[in-house]
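Okay, here's what each chain looks like letter by letter:
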Amino acid sequence: QVQLVESGGGLVQPGGSLRLSCAASGSIFSIDDMGWYRQSPGKQRELAAVISSGGRTTYADSVQGRFTISRVNAKNTVYLQMNSLKSDDTTIYSCHARIRRKVATNWRIYWGQGTQVPISS
């Protein structure tokens, strides 16, 4: 089995910073893209940021310049550093990863459980 476990969410004030972490564990052969999606009630899920296994990054326009995604391949972990947070950033953030298990030949998308990032003054 493969699990993605997120951490780092919590209440933050507008203008503040927060770092989310997501660690993949289990019978992992290889990890391709890792990233973060976010979704607020009544809204479509949107990709916030994604990073390839080689370190290439892509950001949503809404977070470009404020968020930084990074990963440590040796730890199977992806991070999302969020700076200059706005009230619009209040939502649930979920990490995802494209993973090939040791006993499989295909790739699958796995999801974390989601972590709440409330922003309030």
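Before going into details, it helps to say that this report is about the structure given with it. Worth saying up front: this structure is predicted, and the values here are computed from it rather than measured. (Residues numbered from 1 in each chain as written. Predicted model: local features only at pLDDT ≥ 70, side-chain atom pairs only at ≥ 80, totals over all residues. Heavy atoms only, no water.)

1. Quick look at the nonpolar core
Grouped burial of nonpolar side chains is what soluble globular proteins tend to show. Counting 29 residues, the largest nonpolar core has L4, W36, L80, M82 and I99 as its most contacted members. For this core, the elements supplying multiple residues, two or more each, are strand 1 (2-7), strand 2 (18-26), strand 3 (28-39), strand 4 (46-51), strand 6 (67-72), strand 7 (77-82) and strand 8 (91-101). With near-sequence residues (within four places) excluded, L80 lies in contact with L18, R19, L20, W36, A49, F67, T68, I69 and Y93. (Core = buried A, V, L, I, M, F, W, Y, C linked by side-chain atoms within 4.5 Å. Buried < 20%, exposed > 50% of the residue type's maximum accessible area, 1.4 Å probe, protein only. Helix = DSSP H or I, 4+ residues; strand = E, 2+ residues; numbered from the N terminus. Contact = heavy atoms within 4.5 Å.)

2. Overview of the pairing of strand 6
Where burial is concerned, the two faces of strand 6 differ: the one with F67, I69 and R71 is buried and the one with T68, S70 and V72 is not. Of the strand pairs in this sheet, strand 6 and strand 7 are connected by 6 bridges, and their pairing is antiparallel. Each residue of the ladder has a partner; that of I69, found in strand 7, is L80. The hairpin formed by strand 6 and strand 7 contains 4 residues between the paired strands, and N76 there has a positive phi angle of roughly 50°. (Pairing = 2+ DSSP bridges.)

3. Concerning the pattern of salt bridges
Tallied over the full model, the rule gives 4 salt bridges. Of the charged contacts, one joins D32 and R98 as a salt bridge, the two residues approaching to 2.8 Å between their closest N and O atoms. With D32 in strand 3 and R98 in strand 8, this pair connects stretches of sequence that are 66 residues apart. The partner of R66 in a salt bridge is D89, with the nearest N and O atoms 2.7 Å apart. Of this pair, R66 sits in the loop between strand 5 (57-59) and strand 6 while D89 sits in the loop between strand 7 and strand 8, placing them 23 residues apart in sequence. Under the relative-accessibility criterion, R66 is labelled buried at 11%. Among the ionic contacts, a cluster of salt bridges with common partners joins R38, E46, R66 and D89. (Salt bridge = Lys/Arg side-chain N within 4 Å of Asp/Glu carboxyl O.)

4. Some thoughts on unusual backbone geometry
Excluding glycine, residues mostly carry a negative phi; peptide bonds, for their part, are mostly trans. The backbone of N76 shows a phi angle near 50°, a positive value even though the residue is not glycine. Structurally, N76 can be placed in the loop between strand 6 and strand 7. For N76, a relative accessible area of 24% gives the class partly exposed.

5. A word on the sheet that holds strand 7
Each strand in a sheet pairs with another by means of backbone hydrogen bonds, the pair being arranged parallel or else antiparallel. Pairing is antiparallel in the open sheet, where 4 strands are placed in the order 1-2-7-6. The two strands at the open ends of the sheet, each matched to only one other strand, are strand 1 and strand 6. For this sheet, the mean angle separating the axes of adjacent strands, direction not counted, is 15°. (Axes fitted to C-alpha atoms, helices over the stretch in contact; angles between N-to-C directions.)

6. Section: the environment of R38
Examined against the element boundaries, R38 turns out to sit in strand 3. For R38, a relative accessible area of 6% translates into the label buried. Excluding residues that lie within four positions of it along the chain, R38 makes contacts with Q44, R45, E46, A48, S62, V63, F67, D89, T91, I92 and Y93. Within polar-contact distance, the side chain of R38 engages the side chain of E46 at 2.6 Å. Reaching out from R38, the side chain makes a polar contact with the side chain of D89 at a distance of 2.9 Å. (Polar contact = N/O pair within 3.5 Å; in protein donor to acceptor, adjacent residues only side chain to side chain.)

The quantities given are spatial measurements derived from coordinates; they are silent on function.
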